[in-house]
Amino acid sequence: MNIVNKKPQQTKNVFYGVDVNDKQAVEKEYKRLQSQHRKITILVIIVLAFLGVVGFDFYRVNFIGGKPIFAVHKKVDRGTLFSGLGYKVLYCDNGERYIGSVLYKTCEEPDIVTFTHVVYEKLVDYGIKNKIIEMKNLNNLTINSLEKDEENDQGGSDYLLDITYECKDGSSKCFKTDKEFNNPLNKKIYIRINRYNEIYELLTFKNSGAYYDKLVLDYTEKVKNYLVENDYMNLENTKSFGLSLTSNNGKYKFRGNVYADSYLVGINYVCKDNGNECIKALDKKDIDGDFSNLSFYASMFLDENNNVLLVGPREYLEIE
């Protein structure tokens, strides 16, 4: 047998189901894998982008206070309920916003009663935790009224509460605040509620909000009348007059008289003759730290009916 002239037998070299000796088959498989890889890459990018947007949506709704992007929304009485991935948020037509609470399924008026009850529970918890309320000495606590004051920077709202309470020992020490009220068992306080409907701060005074604006409007006229009646102000020569409330010091005793309430106020004005004598400055040092009597601090003392009884230098409040 002539082995030299015999043709070598061709063998297949199969790799992942393709004969690598077959150029056309290799190119075809390469194009198929390339196309598959491209499709998978595009799919992965789409999935990651979707997850990123969903994650961002969750973050902005729960931590920034934004409106939902990917959420199923359902119209409810006086509001809209959004159900997203990992959260539920209710937007009421009156501007209220609630996250993740089963207590707020609708924005109906009866929810105000429920909300007051919830606030009561949270107020007591906050008071005990922050050593404001002595539960052992508290006989009862009543929220007489609850009004929304303004939205806050924590994604929630501030509320003004009128409360009455009674201590078991007959004193007023079972509910402690930073100032003394004329009626120690009846207080007006602010509570600040965040986006999770938790109380994070309790205040007896703040210089913003609907109630503050109401007080400024009321006391501006009362202080102006007091200054005119006591010859501190020439009304005919006064072009503008403004008042701001800087702090509230509560019940205050001064020169043997006990006043129901007291404030440190800021007064600013402009005279028609471009001078500075249309109002007699009660304090030399002005609001900005200069020594111009076009604006100055003053003390304001009130009776139990919020009538202005005395306006004088801020030193009357022992404030330097």
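The structure displayed is predicted, hence computed values, not measured ones. (Residues numbered from 1 in each chain as written. Predicted model: local features only at pLDDT ≥ 70, side-chain atom pairs only at ≥ 80, totals over all residues. Heavy atoms only, no water.)

(A) Molecular detail of unusual backbone geometry. With phi around 65°, Asn274 is a residue other than glycine that occupies positive phi space. Within the element layout of this structure, Asn274 appears in the loop between strand E14 (261–271) and strand E15 (295–302). Look at Asn274 and you get exposed, because its relative accessible area is 73%. Its identity is not glycine, yet Asn306 carries a phi of approximately 65°, on the positive side. As for its position among the elements, Asn306 is in the loop between E15 and strand E16 (308–312). Note on Asn306: relative accessible area 34%, which makes it partly exposed. (Helix = DSSP H or I, 4+ residues; strand = E, 2+ residues; numbered from the N terminus. Buried < 20%, exposed > 50% of the residue type's maximum accessible area, 1.4 Å probe, protein only.)

(B) How the structure looks around the nonpolar core. Counting 35 residues, the largest nonpolar core has Tyr219, Leu227, Leu245, Tyr263, Ile267 and Met300 as the members making the most contacts within it. Elements that contribute at least two residues to this core include exactly helix H3 (210–229), strand E11 (238–248), strand E12 (252–254), E14, E15 and E16. In terms of residue count, H3 provides more of this core than any other element does, seven residues in total. Counting 22 residues, the second largest nonpolar core, distinct from the first, contains Leu138, Leu141, Ile199 and Leu202. (Core = buried A, V, L, I, M, F, W, Y, C linked by side-chain atoms within 4.5 Å.)

(C) Representation of the packing of aromatic side chains. For the structure shown, the criterion picks out nine aromatic pairs. A centroid spacing of 6.1 Å and a plane angle of 70° characterise the contact between Phe205 and Tyr263, whose relative ring orientation is edge-to-face. With Phe205 in the loop between strand E10 (199–203) and H3 and Tyr263 in strand E14, the pair connects residues that are 58 residues apart, well separated along the chain. Comparing Phe205 with Tyr263 shows no difference in burial state: the two are buried. Relative to Phe296, the ring of Tyr269 has its centre 6.4 Å away and its plane inclined at 70°; by these criteria the two rings are edge-to-face. You can see Tyr269 sitting in strand E14 and its partner Phe296 sitting in strand E15, a full 27 residues away along the chain. The class for Tyr269 is buried, based on a relative accessible area of 3%. (Phe/Tyr/Trp six-rings, centres within 6.5 Å; stacked < 30°, edge-to-face > 60°.)

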